[in-house]
Amino acid sequence: MAAQGRDAAIVGIHEYPSRDVEGEFSPLQIKAESAARALEDAGLNWSDVDAIYDAGDGGGMAGLTISEYFGLHPRIIDTTNVGGSSYEYHAAHARRDIAAGKARVALLTYGSTAHSNAMAIGVGGRGGGVHPVDNMESFAGMTLVSNYAMAARRHMHQYGTTSEQLAEISTATRYHAMRNPQAVQAMQDLEFLDIRETTVEDVVNSRMIADPLHLLECCMISDGGGAVVIAAPDVARDCAKNPVWILGTGEATKYPEIGGDITISAAAASGPSAFAEAGVAPDEIDVAMIYDSFSITVLTLLEDLGFCAKGEGGAWVEGGRLRFDRPEDGPALNTDGGGLSSNHPGMRGIFLLLEATRQLRGESTSQVSDARLAVAHGNGGMLGSRHCAGTVILGRD
Amino acid sequence: MAEQPREPQRPLPRLKELDTRAFWEATRNKELRYQRCDDCETVVFYPRRHCTGCLGSNLSWYTASGKGSIYSFSVVRQSYHPFFRSRVPYAVAWIDLDEGPRLLSNIVGVEDPGADLTIGQQVVVEWEEHEELSIPLFRPA
Ligand SMILES: [Zn+2]
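Note that the structure is a prediction, hence the values are computed from the model and not measured.

*Asks:* I'd love a proper account of the overall build of chain A, names of residues and values included.
*Replies:* Each helix and strand in chain A was counted, giving 14 helices and 12 strands. By the compact-globule yardstick of 21 Å for 397 residues, chain A fits well, its C-alpha radius of gyration being 19 Å. Each of the three principal axes of chain A carries a C-alpha extent, and together these read 55 × 45 × 45 Å. Here chain A holds 397 residues, and the buried ones make up 65% of them. A separation of at least 24 residues holds for 76% of the contacts in chain A among residues at least 6 apart in sequence. Surface summary for chain A: the accessible area is close to 13100 Å², and the carbon and sulfur share equals 49%.

Given below as structure tokens:
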């Protein structure tokens with residue numbers, strides 16, 4: 001693979017603005033609305049789309065259902081579902097299919113009404129399923145938060161990481177959220193208390209949900225959705241906005257194994273693959289869109305992606321280093337406000353691509369000056385047990 | 001089991017699940033079992049029909065001592081599940097059995113799970129009996 005290849009580019013994006021649709025819109029409707037606005041953003045139309053990438057959030061028989069709903073007859077259907085990282089996989093597969101000449105315009109969509117459905121994603125117990133994993137684990141009552149909390153506890157044990165260091169993730173993200181009107185509206189609609197920039201003390205003094213993770217280290221549960229249009233180079237050159245090129249991608253899995261180390265995520269495998277393919281080093285990255293389900297997710301992924309050495313993430317993030325207005329200190333983190341403070345309807349991966357694209361177009365509400373390179377890293381599944389990693393390196397001309 | 005008609009119950013494994021049924025059937029006799037391949041000696045856990053280390057399926061069952069250590073843990077303080085909500089705060093933990101397998105369970109028999117547990121702490125299985133099977137919980141050794 002040629003370094004800095006220009007095989008495919010993100011040419012259209014849309015982030016569905018509402019985080020609380022009050023039961024008045026369906027996931028399918030959110031997907032269709034987002035698709036139309038993203039195509040409009042690109043200067044394209046429904047009839048230009050010849051490839052569909054879908055994680056099944058619109059219902060069963062995913063590829064067929066959504067094709068009919070959109071009124072499309074795609075040449076390519078890819079229904080990869082790896083949780084919140086699905087959209088990084090979709091972007092990687094769209095680029096691959098376009099590079100192979102099998103598609104020219106790919107459409108990725110997401111819609112969720114998790115908040116309206118009152119889904120207790122984070123603290124719901126898991127019912128007794130029929131999959132062998134569920135049959136071995138459901139009896140223990142491991143909530144989603146406690147799954148991640150066990151990764152955090154182990155990280156603290158092995159490397160001396162502190163709650164104050166983890167809190168830096170939350171404060172940097174909220175710093176960006178307060179500059180994003182959609183994020184502020186989201187926090188109002190979801191009835192966050194005391195909506196403002198937070199301090200490390202605010203975070204560590206917030207209520208413990210599952211030791212050692214506090215409330216302000218946990219993502220919100222919103223409604224929402226979005227869409228991404230990815231196109232071949234000749235199409236991209238004629239689109240309305242400047243292309244954001246997909247320079248490199250990586251995929252990896254992680255699950256419990258005898259003697260395994262839960263402080264290391266699948267990003268340790270997907271990250272180097274993506275950076276190598278892109279011909280880019282982590283210290284060249286201007287914007288890091290990292291799946292922030294919880295504070296510990298970001299700390300772990302920053303290390304695994306190579307921004308700092310394993311175990312040194314705690315010290316590395318101290319002092320507000322991850323803010324957008326500190327470009328000399330390395331990448332800005334989750335400049336839209338992240339899943340912690342802007343948008344998390346269950347599978348956040350698409351928003352990582354959206355904000356990375358806004359940054360590389362110069363359209364962010366926490367714009368990094370002259371941003372040229374971004375990474376979007378999705379973690380799908382659960383950090384402390386089993387998950388998929390999808391890394392996408394993006395760059396502009 | 002005492003009669004508790006309206007008490008929320010712990011979600012229990014299903015004995016019909018084909019990969020894990022032999023594991024759960026053995027818990028009736030309070031045996032904590034795991035598989036090892038006769039051909040390549042790979043320890044397989046969670047239980048499966050096939051070996052993940054070679055292409056065979058000559059897996060034999062072994063009974064673990066029930067001793068292990070805490071690999072990591074968390075104290076759950078909020079749960080919406082009808083049973084677990086009534087148990088907060090409680091400890092969930094990954095337990096490394098002395099024989100190798102790492103399994104998820106709860107740590108019981110401590111007054112304050114937030115203060116009384118540490119990573120690396122030695123633990124031993126404590127069975128919670130149910131009608132058709134027993135649940136392997138752990139307490140400090
Ligand atoms: Zn074998």
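*Asks:* With reference to specific residues and values, describe the interface of chain A and chain B.
*Replies:* Chain A puts 40 residues into the contact, and the matching count from chain B is 40 residues. Roughly 3400 Å² is buried in total at the junction of chain A and chain B, and carbon and sulfur atoms are behind 62% of that figure. The interface formed by chain A and chain B holds 1 salt bridge in total. Between R77 of chain B and D211 of chain A there is a salt bridge; the shortest N-O distance is 2.6 Å.

*Asks:* How would you sum up the coordination of the zinc ion? Please name residues and give values.
*Replies:* Ideal values differ by geometry: the angle at a metal is 109.5 degrees with four tetrahedral donors, but 90 or 180 degrees with six octahedral donors. Residue and element names in this part refer to chain B. Ligation of the zinc ion by protein atoms is provided by C37 (SG), C40 (SG), C51 (SG) and C54 (SG), these donors lying 2.3 Å from the ion. Taken together, the 4 donor atoms coordinating the zinc ion and their angles of 103 to 117° define a geometry best described as tetrahedral. Residue C51 is classed as buried on the basis of its relative accessible area, which comes to 4%.

*Asks:* I'd like to hear about helix α3 (residues 86-99) of chain A, residue by residue, with values.
*Replies:* Residues lying three or four places apart along an α-helix face the same way, a consequence of the helix completing one turn every 3.6 residues. Residues and elements named next belong to chain A. The first and last C-alpha atoms of α3 sit 20 Å apart over 14 residues, in line with the 20 Å expected at 1.5 Å per residue. Among the 14 residues of α3, 12 are classified as buried, and the element is accordingly described as predominantly covered. Every buried residue belonging to α3 is among S86, Y87, E88, Y89, H90, A91, A92, H93, A94, R95, D97 and I98, and all of these are buried. Downstream of α3 by one or two residues, G101 has phi in the positive range, about 80°.

Rules used throughout
- Residues numbered from 1 in each chain as written.
- Chains lettered and ligands numbered in written order.
- Predicted model: local features only at pLDDT ≥ 70, side-chain atom pairs only at ≥ 80, totals over all residues.
- Heavy atoms only, no water.
- Helix = DSSP H or I, 4+ residues; strand = E, 2+ residues; numbered from the N terminus.
- Rg over C-alpha atoms; globule rule 2.2 N^0.38 Å.
- Buried < 20%, exposed > 50% of the residue type's maximum accessible area, 1.4 Å probe, protein only.
- Contact = heavy atoms within 4.5 Å.
- Areas by Shrake-Rupley, 256 points an atom, 1.4 Å probe, with all protein chains shown as cover.
- Buried area = accessible area lost by both parts, 1.4 Å probe.
- Salt bridge = Lys/Arg side-chain N within 4 Å of Asp/Glu carboxyl O.
- Donors = N, O, S within 2.8 Å, 3.2 Å for Na, K, Ca; no water.
- Tetrahedral: all angles 85-135°; square planar, octahedral: opposite > 155°, others 65-115°.
- Expected span 1.5 Å × (residues − 1).

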